[in-house]
Amino acid sequence: MANEGLNWQRAVIKVGSALIAPDGKQVSGQYVLPIAKFINELKALGKEVVLVSSGSVAAGRGLINSHEQGTTIAEKQAMAAVGQAKMMANWQHHFNFPCGQLLITQGDLKDRRRYVNIKNTVRELLANQVLPIINENDTVATAEIKVGDNDNLAALVALVCEADALFICSDIDGLFDADPNRFPNAKLIPEVNQITPEIYKLAGGTKNKIATGGMKTKLQAAEKATSNGVNTFIINGKKSSVFNDILENKSVGTWFKPLALKDSAKKQWLRHTLKAAGSLQIDDGAANALLTLGASLLAKGITAVHGEFARGEAIDILANNKVIARGLSQYSSAELLQISGLESKNFETILGFKHKNEVVHRDDLVLFKD
Ligand code: GLU
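What this report covers is the structure whose coordinates are included nearby. Bear in mind that the values here come from a model prediction, so they are computed numbers and not experimental data.

So, about the overall build of the protein chain. From N to C terminus, the protein chain includes 14 helices and 13 strands. Relative to the globule expectation of 21 Å for 370 residues, the C-alpha radius of gyration of the protein chain, 22 Å, shows essentially globular dimensions. Here the protein chain has roughly 16,900 Å² of accessible surface; of this, 50% comes from carbon and sulfur atoms. Distance between charge centroids for the protein chain: 1 Å, based on 42 positive and 38 negative side chains.

If you want it as structure tokens, here you go:
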């Protein structure tokens, strides 16, 4: 059965640690070589490729001493510092064009200016025939500012780079209807039209000691990407035949079909990249205005403020305890505690200033009803 095959122009290819450093201690060319060959062939066809490569921690593991009882965060970050360079060199070795490294965190993707900088840098690298290789900046990132796994990072990268395909190279053939490690008769699911809760039930956790993600993070990534129009494939990166099949337009792994593209780039960023720093509870009238009238959120409809956030941070908007929207707040939580429930004409008397009439402007808002 044929699939979308090569019917795309720009792809993000995500390669996990198990393929970069199969022994968990140092980089290896074993699986990297066929993937590099694939990238070379795609480029020869005029396709654009952005690589998301894991493996920095695994690549540095053999060079940093770690505690017997378990590796500490600082030790892992030191491993990443050594390993990023080794991982990059392992790729560069196979290309006769330059590779460019981008180390990013959730914190960078959250900041609109940095997000646009990343987008522009990737565009420039591609225009100059450089292969961008992206990984999380593990040496500076702590849990709160991390994406945490490179499956989700790759989906976010696909959005920043405006890619139209995402290939997640795993060490399993794709998504199965049961755990293939436990059920030998488990069948590969070749196509998924929509990622439903039933699809999520098919995913267990990771069993691989080197890898961070499992099928669950791959499905989260596929959901982010497909809901923004990106064809997503989970494929077995250990089988070089898979790459030949893609080049021959044959069906490979599991293909998650894209849903219609609905959001602008800014709204995609709001919906998928931002983590809310707090939340606002609103009354039914305000909820109705947001959901059906396309209105902005005014202070008048706010009934409670939760969490501490600064002006410009993302907040979730709740009606009847359900998140109905996310947006950027024009006021800090401390200011909102004073002006909630009030008309905007009173802001100056109470706060001494007024940033905007709206608390969350329509342009800075995404709804979760759709
Ligand atoms: N950024 C991590 C590394 O390079 C990998 C995270 C992941 O594979 O999900 O080791």
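For the rest of this paragraph, the subject is the pairing of strand β1 (residues 10-15). By the criterion of burial, β1 is predominantly enclosed, with 6 of the 6 residues buried. Burial along β1 is two-sided: the residues Arg10, Val12 and Lys14 and Ala11, Ile13 and Val15 are all buried. In this structure, β1 lies alongside strand β2 (residues 48-53), joined through 6 bridges in parallel fashion. Within β2, the position partnered with lysine 14 by the bridge is valine 52.

With that settled, consider the sheet that holds β1. Taken in spatial order, the 8 strands make up an open sheet running β3-β4-β2-β1-β5-β7-β8-β6, and their pairing is mixed. The open sheet terminates on both sides in strands that have one partner only, identified here as β3 (99-104) and β6 (191-192). Two strands pair when backbone bridges link them, and β6 and strand β8 (residues 254-256) are joined in this way by 2 bridges, in the parallel orientation. In the strand pairing of β8, glutamate 191 is matched with tryptophan 255.

What follows deals with the sheet that holds strand β13 (residues 365-367). The strand order across the open sheet formed by 5 strands is β10-β9-β11-β12-β13, and the pairing between neighbours is mixed. Two strands lie at the open edges of the sheet, namely β10 (302-306) and β13, each paired on one side alone. Averaged over all pairs of adjacent strands, the angle between strand axes in this sheet comes to 25°, irrespective of strand direction. Across 6 bridges, the pairing between strand β11 (residues 314-319) and strand β12 (residues 322-328) is antiparallel. Paired with isoleucine 315 across the two strands is glycine 327, which belongs to β12. Sitting on the sheet, helix α11 (residues 265-273) touches β12 and β13, and the angle it makes with β13 is about 65°.

Definitions and limits used
- Residues numbered from 1 in each chain as written.
- Predicted model: local features only at pLDDT ≥ 70, side-chain atom pairs only at ≥ 80, totals over all residues.
- Heavy atoms only, no water.
- Helix = DSSP H or I, 4+ residues; strand = E, 2+ residues; numbered from the N terminus.
- Rg over C-alpha atoms; globule rule 2.2 N^0.38 Å.
- Areas by Shrake-Rupley, 256 points an atom, 1.4 Å probe, with all protein chains shown as cover.
- Lys, Arg positive; Asp, Glu negative; His and termini not counted.
- Charge placed at Lys NZ, Arg CZ, Asp CG, Glu CD.
- Buried < 20%, exposed > 50% of the residue type's maximum accessible area, 1.4 Å probe, protein only.
- Pairing = 2+ DSSP bridges.
- Axes fitted to C-alpha atoms, helices over the stretch in contact; angles between N-to-C directions.
- Contact = heavy atoms within 4.5 Å.

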